[in-house]
Amino acid sequence: PCLFCYSFAIKFNDFFIYSCCYLSRRLNQLSSHDPLWKRHCKKYWLISEEEKSQRNQSWKAIFISTYSDLGRYIRYYATLKKAWDDLEKYLGQRCPRMIGSLKESVREEDLDAVEAQIGCKLPDDYRCSFRIHNGQKLVVPGLMGSMALSNHYRSEDLLDIDTAAGGFQQRLGLKQCLPLTFCIHTGLSQYMALESVEGRNKYEIFYQCPDQMARNPSAIDMFITGTSYLEWFTSYVNKVVTGGYPIIRDQIFRYVHDKECVATTGDITVSVSTSFLPELSSVHPPHYFFTYRIRIEMSKDALPEKACQLDSRYWRITNAKGDVEEVQGPGVVGEFPIISPGRVYEYTSCTTFSTTSGYMEGYYTFHCLYYKDKFFNVTIPRFHMVCPTFKVSTARMVSRDAVVLILETNHNEYAVDEDEDSTDTDEYEDRRRVMDIPAPSGRCPRHT
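Quick caveat, the model's predicted, so the values are computed rather than measured.

Visitor: Would you mind going over the pairing of strand β6 (residues 190-193) with me for this structure?
Guide: Regular strands show a simple pattern: their side chains alternate between the two faces of the sheet. Here β6 shows two buried faces, one formed by Q190 and M192 and the other by Y191 and A193. Sheet analysis places strand β4 (residues 177-179) next to β6, joined by 3 bridges and oriented antiparallel. Considered in β6, the bridge of P179 is made with Y191. Pairing of β6 with strand β7 (residues 205-210), which is carried by 3 bridges, proceeds in the antiparallel orientation. Looking across to β7, one finds that M192 is bridged to I205.

Following this line, the structure appears as structure tokens:
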């Protein structure tokens, strides 16, 4: 029996070894099966058939070489690469000047050097984006959107990694914050917190807002614009490429349009889009600055005798406390536009609230050009304006004794003093055709 067992064991072992060799050979064949690597190359690295043919390599070789370079970003690369590709394709047809300002990618060692320089780790989604494009040159228009009112112009560039590192902050109020954007006209930046300090969450993105009522200069409130670089950048790109932000004179304007914010009276349609301006707003004192863009259009199917001219406007402005203000005045932007079949008239204006939200509605009064004694009103749809989430500075000084009041909240949770009336500012309206680049004064006329 022992001899039998020994003989059986030898045969079983031979069979096991043979089976392992066969299995290993099959696994090796499977691991070299190019269609499997093709799927991974397209899923994680967005490699196209055309790019594959240009490289003259197998799908497996392409995946391995790409992974050796970008493997740490496998969670983010496809999402960010698609966002960049979509943005370039969209802007290439509409804002070619802007595409020319984009910089080529940086190397891993460049990003490592920046981390050593600032003494903080950069998030992988941020690093990944810069492996695709190193931001843009400091030019106008800026990739991250523009805004223009009479005597106030803003255009934000996406900073390259070296410029961002040069603006890295260690001062109180902005400790360990890295600028992501910059406006050469206003000095406005969006920052990313690289550590959870001073009431910020790690990798949170925000506009700084100095507390004008605090004794401490480091008391800086924050308007939050993103929770991570990936979310911040891809959500912005999505709004651009889906037409959520209008392209005006080769620039992206960050106006948001609510599809329900449209009203039609007869042959005339009025639609509204809005935007919040952090650089002209403050939490202390409560002063929230909004712009709105009005589009007035007459149907192209309207009869010629429907042509008319705008005489006056009426606004009913309501803040979050329910306080109502009524404003009436002649024309818009100091003009009395004529609307005829197929014609569009657009202009921008601004208003301020002492509450974190409010809404406006009203009507325009027109008279017919063919029947000059015939007047009629055209409805302006109700449109809401809401301040983005903000956080109050943790270093706000509330007394001479330098007592630090620690508060972290958003606009729905924090009670602020609301003693300033909302104000219609149509006298400062600015037409679309002069929105190219007004002479920058750094402030809206409302504040001069």
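That was the structure; now back to the text.
Visitor: Explain helix α7 (residues 108-118) here, please?
Guide: For an α-helix, the turn length of 3.6 residues means that residues three or four places apart are oriented alike. Turning to α7, its buried residues number three or more, namely E108, L111, V114, E115 and I118. All buried residues of α7 project into a common sector of 125° when viewed along the axis, lining one side. In α7, the exposed residues that point more than 90 degrees away from the buried face are A116 and Q117. Along its buried surface, α7 packs onto α4 (59-70), α8 (124-130) and α9 (161-166). Among the residues trailing α7, G119 stands out with phi positive, at a value near 75°.

Visitor: I keep staring at the sheet that holds β4 and nothing clicks. Help me out?
Guide: The strands making up a sheet are joined through hydrogen bonds of the backbone, oriented either antiparallel or parallel. Strands sit in the order β4-β6-β7-β8-β20 across an open sheet of 5 strands; the sheet is antiparallel. Edge strands, defined here as strands with exactly one partner in the open sheet, are β4 and β20 (390-391). Alignment of β7 against strand β8 (residues 220-226), held across 6 bridges, turns out to be antiparallel. When the sheet's bridge partners are listed, Q208 is paired in β8 with M222. Strands in contact with helix α10 (residues 229-241) are β6, β7 and β8; relative to β8, the strand with the most contacts, it is inclined by about 65°.

Visitor: Mind showing me how you'd approach the packing of helix α5 (residues 77-94) against α10 here?
Guide: The relative placement of two packed helices comes down to the angle between their axes together with the axis-to-axis distance. In contact at an axis separation of 10 Å, α5 and α10 are set at 30° when each is read in the N-to-C sense. Taken as axis vectors, α5 and α10 run roughly parallel relative to one another. Handedness of the α5/α10 crossing: left-handed. Here α5 contributes T79, L80, A83, W84, D86, L87, Y90 and L91 to the contact with α10, which in turn contributes Y229, L230, F233, T234, V237, V240 and V241. For the contact of α5 with α10, a count of residues per class yields 12 nonpolar, 2 polar and 1 charged.

Visitor: For this particular structure, what's the right way to read the state of the cysteines?
Guide: Per the counting criterion, the structure on display carries 0 disulfides. A disulfide-free cysteine, C308 has its sulfur positioned 6.3 Å from the sulfur of C368, the nearest such atom. Free cysteine: C387, not disulfide-bonded; nearest cysteine sulfur from C209 at 8.8 Å.

Thresholds applied
- Residues numbered from 1 in each chain as written.
- Predicted model: local features only at pLDDT ≥ 70, side-chain atom pairs only at ≥ 80, totals over all residues.
- Heavy atoms only, no water.
- Buried < 20%, exposed > 50% of the residue type's maximum accessible area, 1.4 Å probe, protein only.
- Helix = DSSP H or I, 4+ residues; strand = E, 2+ residues; numbered from the N terminus.
- Pairing = 2+ DSSP bridges.
- Arc of directions from axis to C-beta.
- Contact = heavy atoms within 4.5 Å.
- Axes fitted to C-alpha atoms, helices over the stretch in contact; angles between N-to-C directions.
- Parallel < 35°, antiparallel > 145°, perpendicular 65-115°, else oblique.
- Left-handed = near helix turned anticlockwise from the far one by under 90°.
- Nonpolar A, V, L, I, M, F, W, Y, C, P; charged D, E, K, R; others polar.
- Disulfide = S-S within 2.5 Å.

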